[in-house]
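Listed below are the residues making up each chain.
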Amino acid sequence: MTAVTSNVGSSHGAPGSSVVALATAEVKSWKAPIALGSFAVIAVILFALVTRAGTGISTFRLSTSQDFFPLPALQLPTRATGVVVSILLILIALAAAFLVRQSRRVPIWVIVIYAILFMFGFLAWAASGGTVPIPGLLIGTVGLATPLIFGALSGVISERVGVVNIAIEGQLLAGAFVAAIVSSITRQPVVGLLAAMVAGMLVSFVLAAFSIKYFVDQIIVGVVLNVLVQGLTSFLYSTLLSPNAQALNSPIQFPRVNIPVLSQIPIIGPVLFQQTVISYIMYVTVALVYFGLFHTKWGLRLRSSGEHPQAADTVGINVNRTRFWNVSLAGAIAGMGGAYYTLVVVGAFNKEMTNGAGFIALAAVIFGRWDPIRATMAALLFGFATNLQNVLGVIGSPVPSEFMLMLPYVVTIFAVAGLVGRVRAPAASGRPYIK
Amino acid sequence: MSDTESPGNSQALVDDPGAQPGDTVTGQDEGEAGTDSRFGGALREIVSGSAVISILAVVLAMVAGAILIALTDQTVHAASGYFFSRPADTFSAIWQAVSGAYGSLFQGSVYNFSRPDFVDGIRPLTETLSFATPLVAAGLGVAVGFRAGMFNIGGRGQMLFGAAAAGWVGFAFDLPPGIHLVLALAAGILAGALWSGLAGILKARTGAHEVIVTIMLNYVAFYLISYLLSTKGLLQAPGSNNPKSPGMYPNAIFPRLLGSQYNLTIGFLLVIAATFAVWWLLNRSSLGFRFRAVGENPNAARVAGINVKNTYVFVMLISGALIGMAGANQVQGVITTGFTSGIDAGLGFDAITVALLGRSRPWGVFWAAILFGALKAGGFTMQAVEGIPIDIILVVQSLIVLFIAAPPLIRAVFRLPQPRAKLRPKASAVQGKKAVVTK
């Protein structure tokens, strides 16, 4: 899908001419237009041609009862919306093709707009005769994405410093487990959260010790740690937690905290500012990690240890110590994500309750190209897709629920194959540094 | 891992069969070591006591498991309440708990002494081999990927597809004996290969990272198979509302190997054959040489004229085929009365640990799978007899792999002498884990 056209330099000019034009190669990647085009075809078939049962009116509810001022619900004719959206999608795909023809890249914002339009069209089509609660959809998105975001940040830090972190799943699970026990015993969710950070950190210690001190392959340690934590927590759950559920597995949960004023802004308020403390910590953490990684001395040292450890060592950075402590920090962050399960969502520990979230977080890391903000966006996308299935299940989805559940994973494959393309990990990620 | 800066790297690719004809097989995981002379550094490690390391790693993991069992045992808890007045009670309770647990682990996996005759007593061993059968196949699949530098986490999805395809051929057609069995197995292998090949093609053509793609394909496969199983006219059993397929026709079911009183099927012979085939592929065929070349250093392989992209696809096809075989074994040998979307039983992930423990060598994987099969068979007995949750097996398994991967740790714990390869400590440190090629 990549066409290379080369203009051989025009060095056959007048003899003695000192101007030599170098040969240049133009690389055209047709992946983006092809991907956009195929989705546009799907859109035309679904939204414009397939008639949905129902009243033919799709309603979008925008407000909740606590807002400053109520926004009117948006009522759109289903068929007409589908046609308009389809036409817009086709136009964007054509524009992308035009850009590639001109040897220019398709900007990422075009793809984002495309995706939002497609989703809008899909919702309008699916909700014919029904109501889509937009705030509910987005609140659930943030809720489902919170542990993924913590996990993804953990992965970003760890891989940026040069240690592949497959153990996110184990860190989340350990955090969830310890948070449940400590919060049950102390009756203080904050202590539970701190204990979860320590638990995630302990998992990281093992990862760091084995990969940095003993040079064991980092992927092996990560995979094995996941199994170890899963085995340990399940074993202890069966032997300790479930016989003493009242004493050990009934944690005090974090209450929902509404931030004054901000929480009453329509749409944004309920989505972002009527959450629990862990979510607010998450916002701060994302910002801090981004700022820290790219605008502080700490971040520079961290990244240099992951990109070129020899160079880092030469300028006096202790690579292995940097790696050890930052991997530990990553574990602590993932531990908070684990606490979110037991201290916010479920309210008790269950066997294997993270259910592969760590691997989704890992996907978000790669999808987000090892960048905290992009990884957060990717995690939000996963959360959105999962919650979309829940919401459509309520209003009566035209698509079998299995296919809706599949959607985030299919989208990821498309994105990784078509839109992200050859991603580049931090250069020394996965390799031990041996002085 | 592709370009670790170890001086021993270059010799890993030198093809010198029979360079060390005198080397004997030294241990359970190194069954292949005598023949696989390419990993010169790894071989040196083995000779300088890696078999001992492996055994000690198992011992250490079992000790850790024993500590866990003792800590969570009710009798031990009660006895430790009056530890200072009668400490002997505590120790005897610990002994009771641990010896009971490991006793039943042994009786559930090797030989049951409480049975009067040999025919009944040896039954646990055949159970061990049955549990090991899919682990060998799937472990080989993951190992082939490792050797080519690819990490196939997609075992779950590939097993689901393999099982679904084999199951479909098994219940939808009524064919003559022999043909039916082979066709169902072939369908399973093919389906696993294609599902995995998808990841290979995506990596080769678009550069999509195989780890992320195979993880995603796991979920896609799970929901796809769930949909097929819960939709009438597809895989769902007629006249039922459960997401479950009909049972297999008898002709598609693997025959029992040792008569009807044992569960061991000819699937075990198939995986032995598969182990031979993978050994030949990796060590004797030019395709296998290309796999390992790409695994060692894709850039060097490309320069040497190997088509790296095609190699990625072939690796994933073969890896998926082996894992699909494990899936077919599940429906043709283990659960023949109809399958659900949980037919993979977590084996796709167990396979990764098996491949790691076997250091990605075919016979190493084989013995590792037997060890894990034994732990699994014994674990079920332990759970039934002693009431110890089978999850303890996961702890022991993961600790074994962790310890084996870090020989210096084992040496430190048991105060073993350092190996003689002290002359080049850096290289040997890298070589130690070099045997399990990843990333």
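Computed from a predicted model, the values in this text were never measured in an experiment.

Engineer: Can you walk me through the side chain of threonine 59 of chain A in this structure?
Structural biologist: Residue and element names in this part refer to chain A. Inspection of the secondary structure puts threonine 59 in strand S3 (residues 57-61). Since its relative accessible area comes to 11%, threonine 59 is described here as buried. If we skip the residues at most four places from it in the chain, threonine 59 touches Ala73, Leu74, Gln75, Gly130, Thr131 and Val132.

Engineer: Would you take a moment to explain the interface of chain A and chain B for this structure?
Structural biologist: Much of the literature gives interface size as the accessible area that the parts lose upon coming together. Between chain A and chain B, the residue contacts involve 54 residues of the former and 54 residues of the latter. Seen at the junction of chain A and chain B, the total is one salt bridge. Along the contact surface separating chain A from chain B lie three residue pairs in polar contact (both at pLDDT 80 or more). For the side of chain A that touches chain B, the element with the highest residue contribution is helix H7 (residues 218-241) of chain A, accounting for 16 residues.

Engineer: I keep staring at the pattern of salt bridges and nothing clicks. Help me out?
Structural biologist: Side-chain pairs of opposite charge can arise whenever the charged atoms involved come near each other. All names here are of chain B. Summed over all chains, the structure comprises six salt bridges over all chains. Here arginine 156 and aspartate 344 are joined by a salt bridge, their closest N and O atoms 3.8 Å apart. Of the two residues, arginine 156 is situated in helix H7 (residues 155-172) and aspartate 344 in the loop between helix H13 (308-334) and helix H14 (347-357); the sequence distance between them amounts to 188 residues. Residue lysine 203 pairs with glutamate 210 through a salt bridge whose shortest N-O separation is 2.9 Å. Comparing lysine 203 with glutamate 210, the two get one shared label, buried.

Engineer: I tried to follow the sheet that holds S3 of chain A on my own but got confused; where do I start?
Structural biologist: Residue and element names in this part refer to chain A. Taken in spatial order, the three strands make up an open sheet running S4-S3-S5, and their pairing is mixed. With partners counted over all chains shown, the strands left at the sheet margins are strand S4 (74-77) and strand S5 (131-133), one partner each. On average, adjacent strands in this sheet sit at an angle of 20° to one another, irrespective of strand direction. Sitting on the sheet, helix H2 (residues 78-101) is in contact with S3 and S4, with an inclination near 80° to S4. Helix-sheet contacts for helix H4 (residues 134-160) involve S3 and S5, and the interaxial angle to S5 is about 40°.

Thresholds, definitions, all that
Residues numbered from 1 in each chain as written. Chains lettered and ligands numbered in written order. Predicted model: local features only at pLDDT ≥ 70, side-chain atom pairs only at ≥ 80, totals over all residues. Heavy atoms only, no water. Helix = DSSP H or I, 4+ residues; strand = E, 2+ residues; numbered from the N terminus. Buried < 20%, exposed > 50% of the residue type's maximum accessible area, 1.4 Å probe, protein only. Contact = heavy atoms within 4.5 Å. Salt bridge = Lys/Arg side-chain N within 4 Å of Asp/Glu carboxyl O. Polar contact = N/O pair within 3.5 Å; in protein donor to acceptor, adjacent residues only side chain to side chain. Pairing = 2+ DSSP bridges. Axes fitted to C-alpha atoms, helices over the stretch in contact; angles between N-to-C directions.

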